[in-house]
Structure formats: C-alpha cells, structure tokens
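The primary structure of each chain is shown beneath.
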Amino acid sequence: MDLFSELDAIHRQVDLDTVDGDTVRVLLRRRYPAEPADLWSALTEPDRIVRWFLPLHGDLREGGSFQLEGNAGGDILTCTPPRLLRMTFGHETSVVELRLGADGEDTVLELEHTVPLAMAGSAAGALFVGPGWDGALMGLGLFVRGEAVGDPVAAAESPEVVEFNRHSIDRWVAAAEASGAATAEDIEGGKQAALAQFVPDTR
C-alpha cells in the first residue's frame, strides 16, 4: 500500500474565522470510492470504526455522547444520516463536523475542526490536530479499499506511518504558512510540538 498517495489525496486548509467569533478552522477534504451510506456506516458504527481508527464507546445519536479509547470524547450536537455529524471533541468549544456528499459513485468527506483562537493561539494550532486527522483519513481510505489489516493502533507506530506523519506535518506547516494567520515563530513551535507527538523518535 502506498501511504504517501493518501497524503496527496487530502485537501488541507487552515484559516481564522473572525465573522462568527475568533476561531481557528481546520478543513480536510477527501474523496472515497464508496456510497454515502456505506461511508457513514464506517464513520459511525463502533465495530467498523475499530478496524481503521480507535475503539469507540457511547451512543452516536443526536444528544448522545461518545468516548474514543485513549483519545477524546464528546457530545453529539447534530446527527443527520448519512450527511452530517457534528460533535464536541475533547472540549465543549472544540467542535468537529463531518459532512458527506455524493459525487458520482464516490463520496466526498469534509472534516472541519474549529477551536477558539484563544485555545489554538494562531493558525499554527492546526499542527496540533491536522496530522492526527490526516492519519485518520488515511486509515479510513485503506479500510474502504479493503487494505486495512490488523490493529490500527499498532500500525500507527510502524516506521511507515511515522514517516507518513513526518510528511503530513510538512503539509500542515505549508497550510499554516498559506493562511497568513500565524508567525514563523508560531509555526516552528507548532511543528516541533507536532513532531514530538506524531514522530516520537525526533529529538
């Protein structure tokens, strides 16, 4: 499997939203060879999620809550199968929205993660979450194509995925630079924090 083609398949964008309040918005867009209903199932059914991401516990319905094992949890704010899932993620002001739309025989998934500017610091805050979302969308892509095998948590520590993360961080550095909403110092600090988190052999 070519993990680096997955990097090329993901569109990344980071910007500030000062219209509805000062927030940092991270947007990822990826096309999958699946119908919306099937992709929705892969994103919301615990027995499928665990095959490409993390074990999930909870109730994925509007008004319900969830917990990803060893990761964030939150509340389901909106659930409109198979088109829209909006939830808090780790904190009540950290919001993730998944939007699915049919495009021919494929489905385009948009993942938008917004946090207050006060929490992110600047657009460089994208480096704290962007590489992790790249990894999740990569895992989902492998799963949809039938290439995901074994334990995805163990696979995340493989040399191939660590190298994927290194290149992902470079892509998010470029996205933060393109936003014009972060200083070079902020971006370098975000890069070093991301390397420590996602490429643990970096010193």
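I will try to describe carefully the structure that is included in this document. Think of each chain on its own: its residues are numbered from 1, step by step along the sequence as written. Predicted model: local features are reported for residues with pLDDT of at least 70 only, side-chain atom pairs are reported and counted for 80 or more only, and whole-chain, interface and lining totals are derived from all residues. For the side-chain quantities, the full set of heavy atoms in the structure was used; hydrogens and water were omitted.

What follows is about helix α8 (residues 184-198). Strands are runs of DSSP state E lasting at least 2 residues, helices are runs of H or I lasting at least 4, and numbering of each runs from the N terminus. Each residue after the first adds 1.5 Å to the expected span of a helix. Here α8 spans 21 Å end to end across 15 residues, near enough to the 21 Å set by a 1.5 Å rise per residue. Remark: exposure states derive from per-residue accessible area (1.4 Å probe, protein chains only) relative to the maximum for the residue type, with buried under 20%, exposed over 50%, and partly exposed in between. Among all positions in α8, only I187, G190, A194, L195 and F198 are buried. Relative to the axis of α8, the buried residues are bounded by an arc of 140° and lie together on one face. In α8, those exposed residues whose orientation departs by more than 90 degrees from the buried face are E185 and A196. The elements touched by buried residues of α8 are α5 (126-144) and α7 (159-179). Working definition: the arc comes from the directions between the helix axis and the C-beta atoms, pointing outward to the latter. Residue contacts follow a heavy-atom distance rule, with two residues in contact if any of their heavy atoms lie within 4.5 Å.

For α5, which comprises 19 residues, the first-to-last C-alpha distance of 26 Å matches the rise-based estimate of 27 Å (1.5 Å per residue) to within 8%. Taking burial as the measure, the 19 residues of α5 include 14 buried ones, the bulk of the element. Positive phi shows up at G146, right after α5, with a value of about 75°.

Within the secondary structure, S179 sits in helix α7. Residue class for S179 comes out partly exposed when judged on its relative accessible area of 23%. In this structure the C-alpha to C-alpha distance between S179 and L140, which are 39 residues apart in sequence, comes to 27 Å. If we ignore the near neighbours within four places in the chain, the residues touching S179 are V14 and A123. In protein, a polar contact requires one atom able to donate a hydrogen and another able to accept it; more generally it is a pair of N or O atoms within 3.5 Å, and residues adjacent in sequence count only if both atoms are side-chain atoms. A polar atom in the side chain of S179 sits 2.6 Å from the backbone oxygen of A176.

This brings us to the packing of α7 against α8. Fitting a line to C-alpha atoms yields each axis, with helices limited to the stretch in contact; the angle taken between N-to-C directions then spans 0 to 180 degrees. Between α7 and α8, the shortest axis-to-axis distance is 10 Å and the interhelical angle comes to 160°. In this view, α7 runs roughly antiparallel relative to α8, as classed from their interaxial angle. Crossing of α7 against α8: the hand is right-handed. Contacts between α7 and α8 pair N165, I169, D170, V173, A176 and E177 from the former with I187, K191, A194, L195 and F198 from the latter. Working definition: roughly parallel below 35 degrees, roughly antiparallel above 145 degrees, roughly perpendicular at 65 to 115 degrees, and oblique for all remaining angles. What makes a crossing left-handed is the near helix being turned counterclockwise from the far one by less than a right angle; a clockwise turn instead makes it right-handed.

Quick look at the sheet that holds strand β3 (residues 56-58) now. With respect to topology, eight strands assemble into an open sheet ordered β1-β2-β8-β7-β6-β5-β4-β3, the strand pairing being antiparallel. Each edge of the sheet is formed by a strand with only one pairing partner; in this case those strands are β1 (11-17) and β3. Across the sheet, the mean angle from the axis of one strand to that of its neighbour is 25°, orientation sign disregarded. Note on pairing: two strands pair once DSSP finds at least 2 bridges between them.

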